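Here's the letter readout for the chains.
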Amino acid sequence: MPQTLTPPAPAPARVPAAGTGTAPDPELRALAERHGLTVSGARPSLAEYTRQLWQRRHFITSFATARLTAMYTTAKLGQLWQVITPLLNAAVYYLIFGVLLDTRKHVPDFIPFLVTGVFIFTFLQNSVMTGTRAISGNLGLVRALHFPRACLPISFCLAQLQQLLFSMGVLAVILLCFGQLPTWSWLLVLPALTLQFVFNTGLAMVMARLGSRTPDLAQLMPFVMRTWMYASGVMFSISVILQGKHLPKIVELLLNANPAAVYIDLMRFALIDSFTAKQLPPHVWAFAAGWALLAGIGGYVYFWKAEERYGRG
């Protein structure tokens, strides 16, 4: 007898994953809302995201400390490299710029001047470099666990701040050896470092989002940071270089408003007696606070907007 062919049952509708760009079926959406279901990996509101981040503050600090400890576990000198590395960089710059190019004759207290600049710029450079790899270098963690991804760049910058604090102890010894006795101005280190930490963290979050989609960016950043260093007055005084140079006003403004140079100048002003207010660019504290707010808030919002896309693809 003839057989009756039964048409196959229609395939069940699927709710696309977050971030695919395809709208789910309206009936499925209504069904999910009726039963209290939410999209997996959906980006929370900015306020809720900030609340989640605050709840994980202990994880951020613990992860930063663990990362800093693990960084030098295989080295025989261990965490001493936190101080030795910037000191060796300062020694090389002193030989090239201070001795061979003789820039030291234009700058009083050149060694404290140079070491302060190297330590502060190293803090910025390492924060940006580690931030660039914060997502792309930790995909296993990002894909395995659910947490606000901003924890990673923040913890990396916090680790760099802890490393700087070790270096500041050595810097204090160098300052004392060259006759820079503690004064009330040393207290300005606290607000200056706070503003720079906010700036570094915001910039690291920007680079973390960019680096998550373009891993090759991490290979380019050393050249960018080296160029930035040479434009930031680490090895020489910008005010001395600008004397007698009839440069366009926009060039002078860019050099003086350079955030790296601003934070370096504030630290030098706080710690070195011969670095006076006359050598500071106009409105330096306003620049420092403005850069911190712009990078901190802007970088945080920019990173949050791509929260649901990290680790996908």
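Residues numbered from 1 in each chain as written. Predicted model: local features only at pLDDT ≥ 70, side-chain atom pairs only at ≥ 80, totals over all residues. Heavy atoms only, no water.

1. Quick look at the overall build of the chain
Within the chain, the secondary structure is distributed over 13 helices and 0 strands. Along the chain direction, N to C, the helices and strands of the chain fall in the order α-α-α-α-α-α-α-α-α-α-α-α-α. Classification of the 313 residues of the chain by burial places 42% in the buried group. Partitioning the intrachain contacts of the chain with sequence separation of at least 6 by distance along the chain shows that 78% fall at a separation of at least 24. Per element, the accessible surface of the chain, about 17,400 Å² overall, is 67% carbon and sulfur. (Helix = DSSP H or I, 4+ residues; strand = E, 2+ residues; numbered from the N terminus. Buried < 20%, exposed > 50% of the residue type's maximum accessible area, 1.4 Å probe, protein only. Contact = heavy atoms within 4.5 Å. Areas by Shrake-Rupley, 256 points an atom, 1.4 Å probe, with all protein chains shown as cover.)

2. What to know about the UniProt feature "transmembrane region" (unreviewed entry) in the chain
The positions that UniProt labels "transmembrane region" (unreviewed entry) are, in the present scheme, residues 80–101, 113–132, 152–178, 185–208, 220–241, 253–272 and 284–303. Counting secondary structure, residues 152–178 comes out at 96% helix and 0% strand; the distance between its end C-alpha atoms is 39 Å. (UniProt positions renumbered as here; feature names shortened; annotations may be inferred.)

3. Observations concerning the packing of helix α2 (residues 46–55) against helix α13 (residues 284–304)
Following both chains from N to C, one finds α2 and α13 inclined at 100°, their axes separated by 11 Å at the closest point. In this view, α2 runs roughly perpendicular relative to α13, as classed from their interaxial angle. Contacts between α2 and α13 involve Leu46, Tyr49, Thr50 and Leu53 from the first element and Tyr300, Val301, Phe303 and Trp304 from the second. Per-class residue counts for the contact of α2 with α13 are 7 nonpolar, 1 polar and no charged. (Axes fitted to C-alpha atoms, helices over the stretch in contact; angles between N-to-C directions. Parallel < 35°, antiparallel > 145°, perpendicular 65-115°, else oblique. Nonpolar A, V, L, I, M, F, W, Y, C, P; charged D, E, K, R; others polar.)

4. Brief notes about the confidence of the model for the chain
Low pLDDT means the predicted atomic positions in that stretch should not be read closely. This prediction gives the chain a mean pLDDT of 83; 85% of its residues lie at or above 70. For the stretch residues 17–21, pLDDT sits under 50, and the model shows 5 contacts to residues farther than four places along the chain or on other chains. (pLDDT = per-residue confidence, 0-100.)

5. Overview of a nonpolar patch on the surface
A cluster of nonpolar residues, Val92, Leu95, Ile96, Val99 and Leu100, forms a patch on the protein surface that exposes about 430 Å² of accessible area. When you line up the elements, Val92 lands in helix α4 (residues 81–100). (Patch = residues over 30% accessible without salt bridge, like charges linked within 9 Å, V, L, I, M, F, W, Y side chains within 5 Å. Salt bridge = Lys/Arg side-chain N within 4 Å of Asp/Glu carboxyl O.)

6. Structural notes on the packing of aromatic side chains
What characterises a pair of aromatic rings is the spacing of the ring centres plus the angle enclosed by the ring planes. Across all of its chains, the model carries 11 aromatic pairs by this definition. With 5.7 Å between their ring centres and 45° between their planes, Phe199 and Tyr263 make a pair best called tilted. One end of the pair, Phe199, is in helix α8 (residues 189–213); the other, Tyr263, is in helix α12 (residues 259–271), and 64 residues separate them in sequence. Side by side, Phe199 and Tyr263 carry an identical accessibility label, which is buried. Above the plane of the ring of Trp304 lies Arg43, whose end atom (NZ or CZ) is 4.6 Å from the centre. Stacked on the ring of Tyr302, the Lys or Arg Arg209 has its end atom at 4.1 Å from the ring centre. (Phe/Tyr/Trp six-rings, centres within 6.5 Å; stacked < 30°, edge-to-face > 60°. Lys NZ or Arg CZ within 6 Å of the ring centre and 35° of its normal.)

7. Observations regarding the nonpolar core
Counting residues in each nonpolar core, the largest one holds 81 residues, and the members touching the most others are Phe121, Leu124, Trp228, Met235, Met267, Leu271 and Phe303. Of the residues forming this core, the biggest block, 13 residues, is contributed by helix α7 (residues 151–177). For Phe121, the contacting residues outside a window of four places in its chain are Met225, Trp228, Met229, Ser232, Val234, Ala260 and Ile264. (Core = buried A, V, L, I, M, F, W, Y, C linked by side-chain atoms within 4.5 Å.)

8. Quick look at the packing of α8 against α12
Their axes nearest at 9 Å, the elements α8 and α12 cross at an angle of 165°. With respect to each other, α8 and α12 are oriented roughly antiparallel. Here α8 and α12 pass one another in a crossing that is left-handed. Residues Val189, Ala192, Leu193, Leu195, Gln196 and Phe199 of α8 form the contact with α12, whose own contacting residues are Pro259, Tyr263, Leu266, Met267, Ala270 and Leu271. (Left-handed = near helix turned anticlockwise from the far one by under 90°.)

9. Description of the side chain of Thr130
Here Thr130 is to be found in helix α5 (residues 110–132). In terms of polar contacts, Thr130 uses its side chain to reach the backbone carbonyl oxygen of Asn126, at 2.7 Å. Apart from residues lying up to four places away in sequence, Thr130 is in contact with Arg67, Phe156 and Gln160. (Polar contact = N/O pair within 3.5 Å; in protein donor to acceptor, adjacent residues only side chain to side chain.)

10. Remarks on unusual backbone geometry
One non-glycine residue, Asp109, lies in the positive phi region at around 50°. Its place among the elements puts Asp109 in the loop between α4 and α5. The partly exposed category is assigned to Asp109, whose relative accessible area is 26%. Of note, His283 is a non-glycine position whose phi angle comes to about 55°, a positive value. For His283, the location among the structural elements is in the loop between α12 and α13.

11. Quick notes on the environment of Ala150
Turning to its location among the elements, Ala150 is positioned in the loop between α6 (139–144) and α7. Considering only alpha carbons, one finds Ala150 and Ile60, 90 residues apart in sequence, at a separation of 9.5 Å. Not counting chain neighbours up to four residues away, the residues in contact with Ala150 comprise Tyr49, Leu53, Met205, Phe303 and Glu307.

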